[in-house]
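Structure at a glance
One-letter residues, chain by chain:
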Amino acid sequence: MGSLFRSEEMCLAQLYLQSEAAFACVSELGELGLAQFRDLNPDVNAFQRKFVNEVRRCDDMERKLRFLEKEVKKDNLAIDDTGENPPAPLPREMIDMENKFDKLETEMKSVNSNQEALKKNFLELTELKHILRKTQQFFEQIILTKYKKNNNQAALYQQDQETHVPQQYDDETPLIASEFSRSFNRFGFVAGVLMRDKISAFERVIWRACRGNVFLRYTEIEAELEDPHTGDKVNKYVFIVFFQGDQLKSRIKKICTGFRATLYPCPETPQERREIALGVMTRIEDLQTVLNQTADHRRMVLSQVALNIRVWLIKVRKIKAIYHTLNLFNVNIEKCLIAECWCPVVDIDRIQLALRRGTELSGSSVPSIMQQMQTKENPPTYNQTDKFTSGFQAIIDAFGVSNYREVNPAPFTIITFPFLFAVMFGDMGHGLLMFLFALYLVLKENRYMKHKPEDEIFKMMFDGRYLILLMGLFSIYTGFLYNECFSRSINIFGTSWNVRAMNFTDNDVFLATNPVVTLDPNKPGVFRGYPYFYGIDPIWQSAENKITVQNSYKMKNAVLMGFAQMIFGLSLAFCNRRHFKDKLTLYCELLPQLLFLCALIGYLCMCILYKWSVWTVAQSNTAPSLLIGLIDMYMLTDPKSNNRVPLYTGQYQVQIFLVIVTVLCVPWMFLSKPYILYKRSKQKKGVRLDSQSDDDVAILHHENNDANYGKQEPESFDMSEVIIYQAIHTIEFCLSCISHTASYLRLWALSLAHSELSEVLWSMVMHTGLATSGTSGAILSFFVFWFFSSLTVSILLVMEGLSAFLHAIRLHWVEFQSKFYKGEGYIFSPFSFTLIVEGKVEE
Amino acid sequence: LNFVFFIYFAVNTSGFLEGLVRGFKNGLSKEDYRHLTQCDTLEDLKLHLQGTGYGHFLANEPSPLTVSVIDEKLREKLVIEFEYIRNHAYKDLATFLDFIKYSYMIDNIILLITGTLHQRQLSELLPKCHPLGIFDQMETVTIASTTADLYNAILVDSPLAPFFKECISEEDLNEMNIEIIRNTLYKAYLEAFYDWCQQKGGATADVMCEILAFEADRRSIIITINSFGTELTKEDRAKLYPRRGKLYPDGLLELSKADEYEAVKRVSELYAEYKPLFDGTGNNPGDKTLEDKFFEHEVTLNVNSFMQQFQYGVFYSYVKLKEQECRNIIWIAECIAQRHRAKIDSYIPIM
């Protein structure tokens, strides 16, 4: 029995670790990843545990590293990934690491604040530059229009401000018109920049707060500016407000600060403006060089970080995980930590080796001790998987983790799952596409393993690549059986039907009047006497009654396959009973179940096979219906009395016998087990009394141990509970025999749906292209092909594939596993660095 | 028919958001509070909060922690969650969520005006504003010197404009006036919110009107108690009472006549809901203050709102409960930081 068949044997072990060796030992165990530690201080708060300070220091280091990583990412530097897996550093190295990270963080922060200050400066200068340029435009524009419309100054304002014309200006119009440039001196103005999204609110507030006594102009800065703090690109506006009087000025300034506009001094004459602009330009250039230098310095620091950060992160995570684990240990004894862990029995040697290595590494003289413990608790379930089996195990675990040492259905699922899927998805072409897709994933596996795919759906398919590979392979196989490739049949071995033997002549009246002819296999020579070599004869492709024939065939097939799988499930239950030495259930539950299923469904299957092999074409007119036969069987009617042809001689007697067996199985299942349990509990009470009187403690002790082995027997025996439990199970099983068999008919239904859908797609889409002749036909076929292929992938492969997949899952979870699988265990989650570093485990 | 309505609600309005809120609501359990009160330092508090729904919200904060950092981060978390919901909401729910924001806007405006009155710098005041109540024109309120100014220049464009109509006057802004503005705004806001919920109908009205009515009554009672010994006249005081609570109209009439605490108590005790709140309150050590009692009652109402599905009350209650929870955490954090453990247990438990 391989390890796949049942979960690993586990044992609970106690570790005594010297306090100085504990860190190294746990580190070694973490690398090994084979021990699941139990929390020995469940009622101690997280912050009251012993190593909480160390955990906190790790948290702090992680925070610093995260900060550095963020900075590295901000600069678009590639983080070096050598795939190196450094061991957890010793505790004394932690201080070094802390210092190093601390230094880096402070350096980074100072570089950042420097850069921010410089950038802020730079931003201010750029804004000033834009202000000078834009305001220049404002002034020029106004003067220009003034010359054009010399005597219509009011109209100018009208244009600029539309309806917002302040009444007051009208009085001053002549004055402005006469000497416009000087009149500006009478107005004060304020210029600044503002965020784009605030400009409209700003305009409105200014208008309202100043009662319209101001004149606002604004325009957008085309270039995007960089926010020095966040580094985001922002759009800003330059604005200029003209006003009169000091009161308005202070008011406008307040509004500007309210809107976080930055104000800049802007001289009034063009000459001064030009001078300042020149000064600003040179300062911007100077600043640019300084900025570049700072950026270089920053890049230098960061590239150093980028080279090492991955290794550092792994180291810190490992230390943190170790201290988390140490927090689970019992620390009540001086100089010694006590840990309890579950581990697989076969790997005890490796764990002990790891402990020894850890002890040596720490230089401790006292060895660490590992000792197995007796326990009544249920051990965790540990199924070893590799990249091939993990997908299948995941399907099983999604339903429920198996009980400890229960038969694991995963190895059988490897074959039955793709097979049942393929029965519903039988098409050579579709299977091939699916196979190729999975093959691609499998071949590119190493690349995707290294760079984990981000896309969740893709990741799911990638995890199940071997499953899809097998599904594709089996679909090709069943497609071959159904003789379907994109719904077309392929004639490889030559059909077994011979139309010529029907003896039609060219001018036959029958042929001329009937569009459809029937090939009669009863006529000599029409059926060649031997079937098509493999799968379904391609001649059915052109037959009118293809669906009818295939339905009957696939339906019966589904029942046969269902019965086979259910019987297989019961035989696995037999393995379970044997393994747990549960003879009572074996004889009182499993055996009647097996008989019941065989007598009911097994007999039907036998009839199907018998009818297929014995009844021939010649007798087809008189062949009995199996369905009517089954009904008659339970009505206890003799087929002869209804003038029906029996399937075989002695059918009535056999059937009566089977019905009696079926009926007898029910009370057997229902009553025998509770009765025996009742008897036993009575007996036990007697024994207990006896043993007490005899002082025979040894026997009692022994018995208790036995009782606790497989299932924990309840201390007080409650007859009504047992009976109800048994009744429910009996009824469930009897009903499920029929409903589950019917449920297997989905194999037929989905396969029918799939072949019909692909048939429709071919005849409605591809056929129209191919049926058109000439050049237009070629062009049409070209376009139709794209349509056809995209529909094939999206509907037939993805949608139909998903539905067949779901149904296959259901058949396994419900119909198959309900026969033997409990699935009430809990999974083994070892303390393993690989999982922690990959971030698969939440601490 | 109800079923159809539920599906309509779930698909068309806010099924997704309601689910989200119910998830966000999952707060600290009794056990968590017990652990929190046992913490010795703020670092311990952080460590423990990591294990709760708050997760790693403090993970990027360097040590040593301060209470203000925790407060800021808690608030930030609430705001992020709320804004997420607000951004996904539309139609009625969006209006509803905006109503929730208005109360914070009122608080912010009042805070800024009071601050400017006391010659504080804007940069000093802004961090104290609640981020949920920030709006474009908010920071310009400092330019206003009269209430009419305030309305005409600034608030007329803000969503608060409709609530402001009642308090426009040419009077200068002074301490007393600001209090009156605050309460008038609140009154108008509560009435508008109440009427909106009423008009919305259904379970939303059932739940929200209950909560808002309590809110209105609480304000009336507190205004009355706080007005003793000030120059506020009884007529002015009566104008500030929100007229949507259970006290309206008779209770409010009585309240407006009250001129001592006992009188308020007498009036309130006529109402079954409020009688227990006044029992056992006092200023003796060990007694709960009336304020705490009000908070407790509010929490109960809000928790009850989660009992009903397919209504907007959960969004309101979620904000209020989260706020209460943050207040509790901050209370505990303060107690820890100031080593004042005697009162650490007097947070408001959320059931």
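Residues numbered from 1 in each chain as written. Chains lettered and ligands numbered in written order. Predicted model: local features only at pLDDT ≥ 70, side-chain atom pairs only at ≥ 80, totals over all residues. Heavy atoms only, no water.

The name given to chain B in an unreviewed UniProt entry is V-type proton ATPase subunit, with the source organism recorded as Ciona savignyi.

Per an unreviewed UniProt entry, the recorded name for chain A is V-type proton ATPase subunit a, and the organism is Ciona savignyi. Under the UniProt heading Function (unreviewed entry), the entry covering chain A gives this text: "Essential component of the vacuolar proton pump (V-ATPase), a multimeric enzyme that catalyzes the translocation of protons across the membranes. Required for assembly and activity of the V-ATPase." On record in UniProt, under Sequence similarities (unreviewed entry), the comment for chain A is "Belongs to the V-ATPase 116 kDa subunit family." (UniProt positions renumbered as here; feature names shortened; annotations may be inferred.)

All names here are of chain A. Taking the numbering used here, the UniProt-annotated feature "transmembrane region" (unreviewed entry) corresponds to residues 419-443, 464-482, 558-575, 587-612, 652-671 and 760-788. Annotation note: span residues 587-612, helix share 100%, strand share 0%, distance between end C-alpha atoms 35 Å. Between the C-alpha atoms that bound residues 652-671 there is a distance of 29 Å. The span itself is 100% helix and 0% strand. (Helix = DSSP H or I, 4+ residues; strand = E, 2+ residues; numbered from the N terminus.)

Moving on to the nonpolar core. F202 of chain A together with L45, F96 and F315 of chain B are the most contacted members of the largest nonpolar core, which has 141 residues in total. Of all hydrophobic cores here, the second largest spans 73 residues; its members include L467, L560, A573 and L600 of chain A. (Core = buried A, V, L, I, M, F, W, Y, C linked by side-chain atoms within 4.5 Å. Buried < 20%, exposed > 50% of the residue type's maximum accessible area, 1.4 Å probe, protein only.)

On the side of chain A, 25 residues touch chain B, which itself brings 26 residues to the contact. Counting the surface chain B buries against chain A, the share from its top three residues, L47, D136 and I143 of chain B, is 25%. Of the charged contacts in the structure, one is a salt bridge between R56 of chain A and D44 of chain B, with a shortest N-O distance of 2.5 Å. On inspection of chain B and its partner chain A, the count reaches 1 residue pair in polar contact (both at pLDDT 80 or more). Of all the secondary structure elements, the ones that give two or more residues to the side of chain B that touches chain A are helix 3 (42-50) and helix 7 (147-154) of chain B. (Contact = heavy atoms within 4.5 Å. Buried area = accessible area lost by both parts, 1.4 Å probe. Salt bridge = Lys/Arg side-chain N within 4 Å of Asp/Glu carboxyl O. Polar contact = N/O pair within 3.5 Å; in protein donor to acceptor, adjacent residues only side chain to side chain.)

Another aspect to go through is the environment of I221 of chain A. Within the secondary structure layout, I221 of chain A lies in the loop between strand 4 (215-220) and strand 5 (225-226). Look past the residues within four positions of I221 of chain A in its chain and what remains in contact with it is H130, K134, V193, K236, Y237 and V238 of chain A.

Here the focus is the packing of aromatic side chains. Within this structure, the stated rule accounts for 57 aromatic pairs over all chains. The interplanar angle of 5° and the centroid separation of 4.7 Å between the aromatic rings of F99 of chain B and F193 of chain B together place this pair among those described as stacked. In this pair, F99 of chain B sits in helix 5 (residues 91-117) while F193 of chain B sits in helix 9 (residues 175-200), placing the two residues 94 residues apart along the sequence. F99 of chain B sits in the buried class, given a relative accessible area of 8%. One aromatic cluster in this structure is built from F96, F99, Y102, F163, Y186, Y189, F193, W196, Y312, F315 and Y316 of chain B. Seen from the ring of F462 of chain A, R465 of chain A lies directly overhead, with NZ or CZ sitting 4.2 Å from the centre. The aromatic ring of Y482 of chain A is capped on one face by K554 of chain A, whose charged end is 4.3 Å from the ring centroid. (Phe/Tyr/Trp six-rings, centres within 6.5 Å; stacked < 30°, edge-to-face > 60°. Lys NZ or Arg CZ within 6 Å of the ring centre and 35° of its normal.)

This part is about the domain arrangement of chain A. Domain boundaries assigned for chain A yield domain 1 (41-145 + 275-328), domain 2 (186-267) and domain 3 (389-490 + 517-684 + 721-819). Spacing between the C-alpha centres of domain 1 of chain A and domain 3 of chain A amounts to 60 Å. (Domains from an automatic or database assignment.)

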